[in-house]
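Inside the fold
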Amino acid sequence: MKFIGLDAGSVSVKLFVLDEQGNRLYGHYERHKGHPLSVACSLLRKIVAGGEPSLLKSAWRKSPEADNWSLSVTGSAGRLIASVLEIKPVNEIVAQAYATQMLSPHVKTIIEMGGEDSKLILLSEDGRSIQDFSMNSVCAAGTGSFLDQQAERLRLSIEEFSELALRSEKPPRIAGRCSVFAKSDMIHLQQIATPPEDIVAGLCFAVARNFKGCISRGRHLIPPVTFQGGVAA
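For clarity, every value in this text was computed on a predicted model and none was experimentally measured. (Residues numbered from 1 in each chain as written. Predicted model: local features only at pLDDT ≥ 70, side-chain atom pairs only at ≥ 80, totals over all residues. Heavy atoms only, no water.)

Turning to the sheet that holds strand β6 (residues 118-123), a few remarks are in order. On the basis of which strands lie adjacent, the open sheet formed by 4 strands has the order β7-β6-β5-β8 and mixed pairing. Across the chains shown, the open sheet's two edge strands, defined by having one partner strand only, are β7 (130-135) and β8 (225-228). Ignoring which end each strand starts from, the neighbouring axes of this sheet average 15° apart. Relative to β6, strand β5 (residues 109-113) runs antiparallel, the two being bridged by 5 bridges. Pairing of Met113 across the sheet is with Ser118, part of β6. On the sheet, helix α4 (residues 92-103) packs against β5, β6, β7 and β8 and is oriented at approximately 50° with respect to β6. Of the strands in this sheet, β5, β6 and β7 are in contact with helix α8 (residues 196-216), which crosses β6 at around 55°. (Pairing = 2+ DSSP bridges. Helix = DSSP H or I, 4+ residues; strand = E, 2+ residues; numbered from the N terminus. Axes fitted to C-alpha atoms, helices over the stretch in contact; angles between N-to-C directions. Contact = heavy atoms within 4.5 Å.)

Structure representation (structure tokens):
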């Protein structure tokens, strides 16, 4: 038996294959550019016997090889993919809490920032249950998409954006709750010749402040803390 975990988020699809002992056999990360279903199907076809995406469901049920596989799907786009395959999706908060408990049982607090979601998950003392959690609103301000958008405005790749931020010595304060206000602040900073690395670092601090103000909202974060999601990279 081999186990496939597929996480389809708002920006990317992540797929991992584990053996019965939980050892990683394969892993893949791919930005889906607004097409999570087609990218997920393409990745799954490489792993199990199938064919065209429309045949995936029947192949999963009827192929002799399919008996040797188990699939779990989670993420913001996971419900759509699971409905196509006629399986139940796994709630992403439950998936993150369970995986953290399995891989890092000493962790008590999970901070996650993805493309359009930010989450805070507080685990019980024994790490086996969720005590509390909080998520952002529908707006993607303060998430990975916010940073992607600002990097594009500065004509930087997200990798260049990250490297540049580390060089900053005096990051300015930039609005992080709204990309429109952030753009106004950035234009002003550019007009007064603020170094690009300081502008970029200011945007990163804005995301951190937004998380503290909108997600954690005074909650006591018990260490150890794990930072997950694309923004953690």
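Next up on the list: the sheet that holds strand β1 (residues 2-8). Spatially, β3-β2-β1-β4 is the arrangement adopted by the 4 strands of the open sheet, whose pairing is mixed. Only two strands of the sheet have a single partner each, and these edge strands are β3 (24-31) and β4 (69-74). Between one strand axis and the next, the sheet turns through 10° on average, direction left out of account. Both β1 and β4 contribute to a ladder of 6 bridges, which runs parallel. Across the sheet, the residue bridging to Phe3 is Ser70, located in β4. Most of the contacts of helix α3 (residues 78-85) go to β4, to which it runs at about 145°, and overall it touches β1 and β4.

Next up on the list: helix α7 (residues 179-191). Taking 1.5 Å of rise per residue, the 13 residues of α7 would be expected to cover 18 Å, and the 18 Å separating its terminal C-alpha atoms lies within 8% of that figure. When we look at burial in α7, the residues that qualify are Ala182, Met186 and Leu189. Looking straight down α7, one finds that the buried residues subtend no more than 65° of arc, so they occupy a single side. Exposed residues on α7 whose side chains face more than 90 degrees from its buried face are Val180, Phe181 and Gln191. The elements touched by buried residues of α7 are α5 (144-153) and α8. Following α7 by one or two positions, Ala193 adopts a phi angle in the positive range, close to 65°. (Expected span 1.5 Å × (residues − 1). Buried < 20%, exposed > 50% of the residue type's maximum accessible area, 1.4 Å probe, protein only. Arc of directions from axis to C-beta.)

Turning our attention to the packing of helix α6 (residues 158-165) against α8. One can describe the packing of α6 onto α8 by two numbers: an axis separation of 8 Å at closest approach and a directional angle of 100°. Between α6 and α8, the crossing angle belongs to the class labelled roughly perpendicular. Contacts from Phe161, Leu164 and Ala165 of α6 reach α8 at Pro196, Glu197, Val200, Ala201, Leu203 and Cys204. (Parallel < 35°, antiparallel > 145°, perpendicular 65-115°, else oblique.)

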